[in-house]
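# Examination of the molecular architecture
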Amino acid sequence: MPKWRNLFTILVFTGLFSIPLYGQNHTVTASNETVLPGASVTAAVTLDNDEGARGFSMGLAHTGSFLTLTAIEAGAVTAASNGGAGPDFEFTDVNPAGGPGGTYGVILSFGAPLDEIPVGSGNEIALFNYACAPAAEPGSVETLDFSDALGSPPVATIISIVSGTTSASRIPIKVSGSVSVGTPAPSGLTCAISDPCGGNGSPAIGLGELSWTNGGPYDSIEVLANSSVVETLAGSATSTSYSPAGSSTVSFTVRGIRN
């Protein structure tokens, strides 16, 4: 076991995070994100805290098969500690025992003046970066659950505070997040007038030919004119004809639907 892991284990289980307490309200929340197949995504962990936090540790597990955790980074508030120098100690593990998931621990400062995360809500303390498999099915979802069973020994999800002169660890409320796979949009939408004298307008405004490239397999495709659905096509369609009625200016949108 690396020396830094030993150090973190000693600090967590002896000194810094010494007395589990539930007295104040602390909440850790994982964000809800959307990612396209083959792309990457970052989920943020935020802290709502009624007391200044001197450090924290957490485990965040993900269920399913399309996400791979690639890195864990300090969130904005954590990175800004010690005048922007960042925390004195960080521990990350993107492939802990009991996974899939990741563990992250931080001690903001070892020496005086001891820094802390200020009282507040929505304090961004950690960023979990994931890669999404290219074959991920649009509409599928993986849950991001806080876990106290990741790592060997397991890393508990706790917030370190100082109550009076006593170092203590708060057990936070845990709010799960998620990563959903989005549907790649059609691209290259073009419109050409195929019959200038045709169409339904008065006067006639022409018959337009729409064409596009599909971003992936769809169950159906919707064509919108000025934000209203005017036609629903098969998921394999890549073109259609449309003649607006009673308007000389029309904005077209093509939307791929999957799951």
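Since this is a predicted model, take the numbers as computed values, not measurements.

## Topic: the nonpolar core
- Membership of the largest hydrophobic core comes to 32 residues, with the highest contact counts inside it found for V45, M58, I125, F128 and Y130.
- In terms of residue count, the dominant contributor to this core is strand β9 (residues 120–132) (5 residues).
- Setting aside its immediate chain neighbours within four residues, M58 contacts V45, G102, T103, Y104, I125, A126, F128, F146, V155, A156 and T157.
- Counting residues in hydrophobic clusters, the runner-up holds 10 residues, among them L210, I221, V223 and L233.

## Points about the sheet that holds strand β20 (residues 252–257)
- Strand order in the open sheet formed by 3 strands is β18-β17-β20, and the pairing between neighbours is antiparallel. The open sheet has two edge strands, β18 (228–234) and β20, and neither has a second partner. The sheet shows a mean angle of 25° between the axes of neighbouring strands, taken without regard to direction.
- Here strand β17 (residues 220–225) runs beside β20; their pairing, made up of 6 bridges, is antiparallel. Each residue of the ladder has a partner; that of I221, found in β20, is G256.

## What about the confidence of the model for the chain?
- Averaged over all residues, the pLDDT of the chain equals 85, while 83% of them reach at least 70.
- Predicted confidence is poor over residues 201–205, with pLDDT under 50, and the contacts of this stretch with residues over four places away or in other chains come to 10 contacts.

## Some details on the sheet that holds strand β2 (residues 26–30)
- Taken together, the 5 strands give an open sheet; going across it, the order is β6-β9-β4-β2-β13, and neighbouring strands pair in mixed fashion. Among the strands making up the open sheet, the edge pair consists of β6 (67–74) and β13 (173–175). Neighbouring strand axes in the sheet, compared pairwise and without regard to direction, differ in orientation by 20° on average.
- Bridge count for β2 against β13 is 3 bridges, and the pairing is parallel. Bridge pairing in β13 places T29 opposite V175.

Conventions we followed
Along each chain, the written sequence defines residue order, and numbers are assigned to residues from 1. For a predicted model such as this one, the threshold for reporting local features is a pLDDT of at least 70, and the threshold for listing and counting side-chain atom pairs is 80 or more; totals across whole chains, interfaces and linings nevertheless cover every residue. Hydrogens and water molecules were not included; the side-chain quantities draw on all heavy atoms of the structure. The criterion is simple. A nonpolar core is a set of buried Ala, Val, Leu, Ile, Met, Phe, Trp, Tyr and Cys residues joined through side-chain atoms within 4.5 Å. Only protein chains enter the accessibility calculation, which uses a 1.4 Å probe. A residue is then buried if its area is under 20% of the maximum for its type, exposed if over 50%, and partly exposed in between. Helix numbering and strand numbering both begin at the N terminus, where a helix is a DSSP run of H or I of at least 4 residues and a strand a DSSP run of E of at least 2. Here, two residues are considered to be in contact whenever any of their heavy atoms come within 4.5 Å of each other. A pair of strands is treated as paired once DSSP finds two or more bridges between them. Convention adopted: a line fitted to C-alpha atoms gives each axis, helices being fitted over their contacting stretch, and angles between N-to-C directions are expressed from 0 to 180 degrees. A residue's pLDDT is the confidence the predictor assigns to it, expressed on a 0 to 100 scale.

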